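One letter stands for each residue in the lines below.
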Amino acid sequence: MELWILLLLHFHLGNAPWIEGGEEAERLNLTILVPPSLPSPSNVLISSFNMEHTLSFLPGALTPSDAHFTVQILRSRKNLWRTVGVCAELKAGQTCNLTKALKDPYDDYKARVQAVALNRTSNWTVSGWFQPLTDTVLGPPAFSVSGCGNCLMLQLRAPTQTVLPKLQLQDLYGDVVFHVRRTRDDSQFRLHQPYKEEIVIPHLQPGVEYCVTVTVTSFTTTHTVSSKPQCAFTSPPPPRHSLYIISSLLGAFCAVAFILVGLVMYGSRLSFKLLKYCLPKSLLYVFFQGQHRSGALPDLSRCVSASQPHDRGSSGRLRNTSKGLDCR
Ligand SMILES: *[C@@H]1O[C@H](CO)[C@@H](O)[C@H](O)[C@H]1NC(C)=O
Ligand SMILES: *[C@@H]1O[C@H](CO)[C@@H](O)[C@H](O)[C@H]1NC(C)=O
């Protein structure tokens, strides 16, 4: 009860030094007499990516570890600082999600941060002006690339955030810019297209790899970032193992052809030998027939009849005839 009265007295009379009281009063007086003494936070910054706004800050040097931080925002239209409920007691190193607090994308905002420890506070540190639509950074839509012969097919997917009840993030896109680079020789070009979920990049070389990066343009903000490149072949390139198959098939064909040619040459040589062997005898036979008329040389006559085609024969015929030949 005594303490209660002292407290009341203290708050009514401020830090009047002539108040008499117990130890408690002296302690309270002491703390009230000390001015706001915490170091102010620094680097108070509102950053924004795809219309998600985040406040970050650094605690001032020598800020006690038990200090917490309070965030307030100011709308230029209302000119009134208002505490952000979810960011009233941040710890050092935490950030404040301002996405809901800065809900009018057409207004201008400021934020400020104050350190608080027990009943000591710091001065407020104020950020610069922030305009959601023009200060946000637009990232690229998510996308995948696949080949379609002499073209690339891109599937695009914009984030589904709503900026306003009837305004999606993709409504802020002007064009989607495709930067296409051929891996083989680094030749490249750009293509502007209105945002669509499916986009075809035509007139490319088939069986060749291209890498695509995607950026958006916007009529509200100039701050955009590109995607990482994604690469794809326009059509499947000839895989290594099929090259092996083709070359081994070619090798096998050559070997067969070589064997055939060898056989033909060997066969003709054989026939030629037979010819040489048979011909003198046939000449002899002619000779003998001329001389003796009745003289029978049956084995030689067989030779003659069989070797007759030799006079006009091709090598194939020679081979055929050599089969049925028996001159011994
Ligand atoms: C707080 O601000 C006042 C003036 O506005 C200044 O005199 C004082 O030094 C500041 N305190 C700290 C801790 O920065
Ligand atoms: C910030 O808040 C928005 C809206 O409540 C939410 O969609 C988003 O995921 C939050 N961002 C982070 C980083 O927590």
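Think of each chain on its own: its residues are numbered from 1, step by step along the sequence as written. Lettering of chains starts at A and numbering of ligands starts at 1, both following the order in which they are written. Local features in this predicted model are restricted to residues whose pLDDT is 70 or higher, and side-chain atom pairs enter the listing and the counts only when it is 80 or higher, whereas totals over whole chains, interfaces and linings include all residues. Derived side-chain values reflect all non-hydrogen atoms in the structure, with water molecules and hydrogen atoms excluded from consideration.

A. Representation of the pairing of strand S1 (residues 42-49) in the model. Sheet topology places S1 next to strand S2 (residues 52-58); 6 bridges connect them, and they run antiparallel. The partner of Leu 45 across the bridge, within S2, is Ser 56. Connecting the antiparallel pair S1 and S2 is a turn made up of 2 residues, with Asn 50 showing a positive phi of about 50 degrees. When DSSP finds two or more bridges between a pair of strands, those strands are recorded as paired. Here a strand is any run of E in DSSP of at least two residues, a helix any run of H or I of at least four, and the numbering for each starts at the N terminus.

B. A look at the site of ligand 1. In this text, near means that some heavy atom of the residue lies within 4 Å of the molecule or strand in question. Around ligand 1, the neighbouring residues are Leu 38, Ser 40 and Asn 123. To be clear on the numbers: accessible area is Shrake-Rupley with a 1.4 Å probe, and residue cover counts the displayed protein chains and nothing else. In isolation ligand 1 exposes 360 Å². Once the protein is present, 29% of that is buried.

C. Structural detail: the pattern of salt bridges. Any Lys or Arg side-chain nitrogen located within 4 Å of an Asp or Glu carboxyl oxygen qualifies as a salt bridge. For the structure shown, the criterion picks out 6 salt bridges. With a closest N to O distance of 2.7 Å, Asp 185 and Arg 182 form a salt bridge. Note on classification: 1.4 Å probe, protein chains only; a residue is buried when its accessible area is under 20% of the maximum for its type, exposed when over 50%, partly exposed between these limits. On the basis of relative accessibility, which here comes to 37%, the residue Asp 185 falls in the partly exposed class. Under the relative-accessibility criterion, Arg 182 is labelled buried at 18%. Connected through shared salt-bridge partners, Arg 75, Arg 77, Asp 104 and Asp 107 make up one network.

D. Highlighting the nonpolar core. With 27 residues, the main nonpolar core has Leu 152, Leu 154, Leu 156, Leu 172, Phe 178 and Val 212 as its most contacted residues. Residue contacts are defined here by distance: any two heavy atoms, one from each residue, within 4.5 Å place the two residues in contact. Not counting chain neighbours up to four residues away, the residues in contact with Leu 152 comprise Val 145, Ser 146, Gly 147, Ile 199, Val 200, Ile 201, Leu 204, Tyr 210, Val 212, Ala 232, Phe 233 and Thr 234. The set of buried Ala, Val, Leu, Ile, Met, Phe, Trp, Tyr and Cys residues whose side-chain atoms join them within 4.5 Å is what this entry labels a nonpolar core.

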